[in-house]
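Residue strings, one per chain:
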Amino acid sequence: MECCGEEEEEDSLHQPLQLQTQIQIQILSCSDMTTMNSNFEALICKDILRIIFEKLPVADLARSACVCTLWSSVASDREIHARAFMAPWKLKHLIGNPTSPTFWRDNNTLTRFAISHPLARGDTLASLALNYSVQVTDIKRLNNMMSDHGIHSRDRLLIPVNTPDILIDATCYVELDAHAKREVAVLYLDGSPDKTPTNVLPSERGKRRVIESLRRSMHVDDATAQYYLSVSDGDPRGALLEFSKDVNWERQMRLT
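In this text, all values refer to a predicted model and were calculated from it rather than measured experimentally.

**Thoughts on the overall build of the protein**
Within the protein, the secondary structure is distributed over ten helices and five strands. A fraction of 51% describes how many contacts in the protein between residues 6 or more apart in sequence connect residues 24 or more apart. Total accessible area on the protein is roughly 16500 Å²; 53% of this is exposed by carbon and sulfur atoms.

Printed below as a string of structure tokens:
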């Protein structure tokens, strides 16, 4: 037989559990929540939402943005996305704004990062791969290079990051590389980038290096290399593809 005091004590022990269950059920149903029908004032307060969202990874931020308009406005904040992007890698700073919101996604791999290497006389893909402990094929893939000769048409190369330790307390710059045709967080081992933007068209010196590289790859003269570069709107890869099509067509004509 239980006394009244014991019954009240037992009921009080179950109350926190029941309250916690009710809260969990209501949170699970927050996908149907709007700022008009929510019973949780905390969940419609921007300041509190900001504190909560700053603790979420990028994937959960994307899900939170789908709940309601208010949540979307807070979850889409650039500073919150930057913190979520930097957190797994313990970055110190991330400078620059991406041109596409998809940049923030898939930050759980090192493919979003690259090291900027200014090319010097004597540099080769093999020597760079050995120096940075990466594969030649990975350098070519990251820089959108079809052949080793592509190194002669550039002022720098992006080098894949092979260890997360190099990113700890580092500063990265969000850049859209014109040659690589991709947007990555670039790490400068010498401190900071130069004043020349990396997403501008190549200079006259750079164009000349592109033509020289195409001439060596195609085994043609400068005029022919310049022609194919012009018909491909300055894209060296497109120039090589156009040249390859013409060569194949000439071979087929000889066979007929």
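**A word on the sheet that holds strand β4 (residues 171-177)**
With mixed pairing, five strands are arranged side by side in an open sheet as β1-β4-β5-β2-β3. The open sheet has two edge strands, β1 (93-95) and β3 (156-160), and neither has a second partner. Shown here is a sheet whose adjacent strand axes are inclined to one another by a mean of 40°, direction ignored. As judged from the six bridges shared by β4 and strand β5 (residues 182-187), these two strands associate in the antiparallel manner. For Cys 172, the partnering residue across the bridge sits in β5 and is Leu 187. Those strands touched by helix α5 (residues 78-86) are β1, β2 (113-118) and β5, and its axis lies near 130° from that of β1.

**Some details on the nonpolar core**
Residues Phe 113 and Leu 157 are the most contacted members of the largest nonpolar core, which totals 42 residues. Here this core takes five residues from α5, the largest share from any one element. In this structure, Leu 214, Met 218, Ala 225 and Phe 243 belong to the second largest nonpolar core, which totals ten residues.

**Examining the pattern of salt bridges**
Under the defined criterion, the tally for this structure stands at eleven salt bridges. Put simply, Arg 83 and Glu 54 hold a salt bridge, and the shortest N to O gap is 3.1 Å. Within this pair, whereas Arg 83 is found in helix α5, its partner Glu 54 is found in the loop between α2 (46-53) and α3 (58-64), the two being separated by 29 residues in sequence. The class of Glu 54 is partly exposed, set by a relative accessible area of 27%. Here Glu 79 makes a salt bridge to Arg 83, at a shortest N to O gap of 3.0 Å. Of this pair, Glu 79 and Arg 83 both sit in helix α5, four residues apart, roughly one helical turn.

**Examining the packing of aromatic side chains**
Geometrically, a pair of aromatic rings is defined through the distance of the ring centres and the angle of the planes. A complete count under the given rule lists nine aromatic pairs for this structure. Ring centres of Phe 53 and Trp 71 lie 5.6 Å apart, and the angle between their planes is 70°; on these two criteria the pair is classed as edge-to-face. Separated by 18 residues along the polypeptide, Phe 53 in helix α2 and Trp 71 in helix α4 (residues 69-75) bring together distant segments of the chain. Through a chain of ring-to-ring contacts, the aromatic side chains of Phe 85, Trp 89, Phe 103, Trp 104 and Phe 113 assemble into a single cluster.

The rules we used
Residues numbered from 1 in each chain as written. Predicted model: local features only at pLDDT ≥ 70, side-chain atom pairs only at ≥ 80, totals over all residues. Heavy atoms only, no water. Helix = DSSP H or I, 4+ residues; strand = E, 2+ residues; numbered from the N terminus. Contact = heavy atoms within 4.5 Å. Areas by Shrake-Rupley, 256 points an atom, 1.4 Å probe, with all protein chains shown as cover. Pairing = 2+ DSSP bridges. Axes fitted to C-alpha atoms, helices over the stretch in contact; angles between N-to-C directions. Core = buried A, V, L, I, M, F, W, Y, C linked by side-chain atoms within 4.5 Å. Buried < 20%, exposed > 50% of the residue type's maximum accessible area, 1.4 Å probe, protein only. Salt bridge = Lys/Arg side-chain N within 4 Å of Asp/Glu carboxyl O. Phe/Tyr/Trp six-rings, centres within 6.5 Å; stacked < 30°, edge-to-face > 60°.

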